[in-house]
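Coordinate inspection notes
Below are the chains, spelled out letter by letter.
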Amino acid sequence: MSWQEYVDKSLVGTGNLDRAAIFNSEGNSVWATSTGFNVTPKEMQEIVTAYKDKGTDGVKQVQSTGLHIAGERFVVIKADDRSIYGKKGREGVVIVKTAQAILVTHYPEDIQPGAAANTVEQLADYLLKVGF
């Protein structure tokens, strides 16, 4: 399956997400993206920096400052070495890092956050299992 097929079928195609992109783990190469989901290089560097931050007393800096994705600011409600979850009202973002990729996704306000998170986490598990 191509990277674009993962975005179109395994992420957005589930109905649990409305926008998605897959980047390399350094955040400087877009492997696939849904139409109109424009994550800027600066925003990707915010994500990469958040993953590199080891945090203080279990809290990463991004949990205090928030995160920008596709021009919108999200309050970060979870940030660990694998996953970053953000909310803006009832919509949100789920970002998951694998060995070689970063999945950046957005869900609309009519989707339950848990359904969106499960969709992204399951694809990340699969990618890790096959070496990505």
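Above this note sits the structure.
On to the overall build of the protein. When helices and strands are counted, the protein shows four helices and seven strands. Reading the protein from its N end, one meets helices and strands in the order α-β-β-α-α-β-β-β-β-β-α. Relative to the compact-globule value of 14 Å for 132 residues, the protein shows a C-alpha radius of gyration of 13 Å, a close match. Taking the principal axes of the C-alpha coordinates as reference, the protein spans close to 40 × 35 × 25 Å. Looking at the protein as a whole, 45% of its 132 residues qualify as buried.

Turning our attention to helix α4 (residues 113–129). Taking 1.5 Å of rise per residue, 17 residues should cover 24 Å, and α4 covers 24 Å from first to last C-alpha, within 8% of that figure. Along α4, the positions that sit buried rather than exposed are A116, A117, T119, V120, E121, L123, A124 and L127. Each element contacted by the buried residues of α4 is listed here: α1 (3–11), β5 (83–88), β6 (91–97) and β7 (101–107). The positive-phi residue at the C-terminal boundary of α4 is G131, with phi of around 95°.

A few words on the pairing of strand β1 (residues 19–24). Extensive coverage of β1 is indicated by the burial of six of its six residues. One ladder, built from six bridges, connects β1 with β7; its direction is antiparallel. Following the sheet pairing, A21 is matched in β7 by V104. As paired elements, β1 and strand β2 (residues 30–33) share three bridges and run antiparallel to each other. Its bridge partner lying in β2, I22 is registered against A32. Connecting the antiparallel pair β1 and β2 is a turn made up of five residues, with G27 showing a positive phi of about 75°.

This part is about the environment of I111. Following the sequence through the fold, I111 ends up in the loop between β7 and α4. If we skip the residues at most four places from it in the chain, I111 touches G15, N16 and A116.

Applying the stated criterion to the full structure yields four aromatic pairs. Measuring from centroid to centroid gives 4.7 Å for W3 and W31, while their planes differ by 40°, and the two rings are tilted. Residue W3 is found in helix α1, and its partner W31 is found in strand β2; the two are separated by 28 residues along the sequence. Ring geometry for Y6 against Y126: centres 6.4 Å apart, planes inclined by 50°, an arrangement best described as tilted. Within this pair, whereas Y6 is found in helix α1, its partner Y126 is found in helix α4, the two being separated by 120 residues in sequence.

The rules behind each value
- Residues numbered from 1 in each chain as written.
- Predicted model: local features only at pLDDT ≥ 70, side-chain atom pairs only at ≥ 80, totals over all residues.
- Heavy atoms only, no water.
- Helix = DSSP H or I, 4+ residues; strand = E, 2+ residues; numbered from the N terminus.
- Rg over C-alpha atoms; globule rule 2.2 N^0.38 Å.
- Buried < 20%, exposed > 50% of the residue type's maximum accessible area, 1.4 Å probe, protein only.
- Expected span 1.5 Å × (residues − 1).
- Contact = heavy atoms within 4.5 Å.
- Pairing = 2+ DSSP bridges.
- Phe/Tyr/Trp six-rings, centres within 6.5 Å; stacked < 30°, edge-to-face > 60°.

These results come straight from atomic positions and should not be treated as a statement about function.
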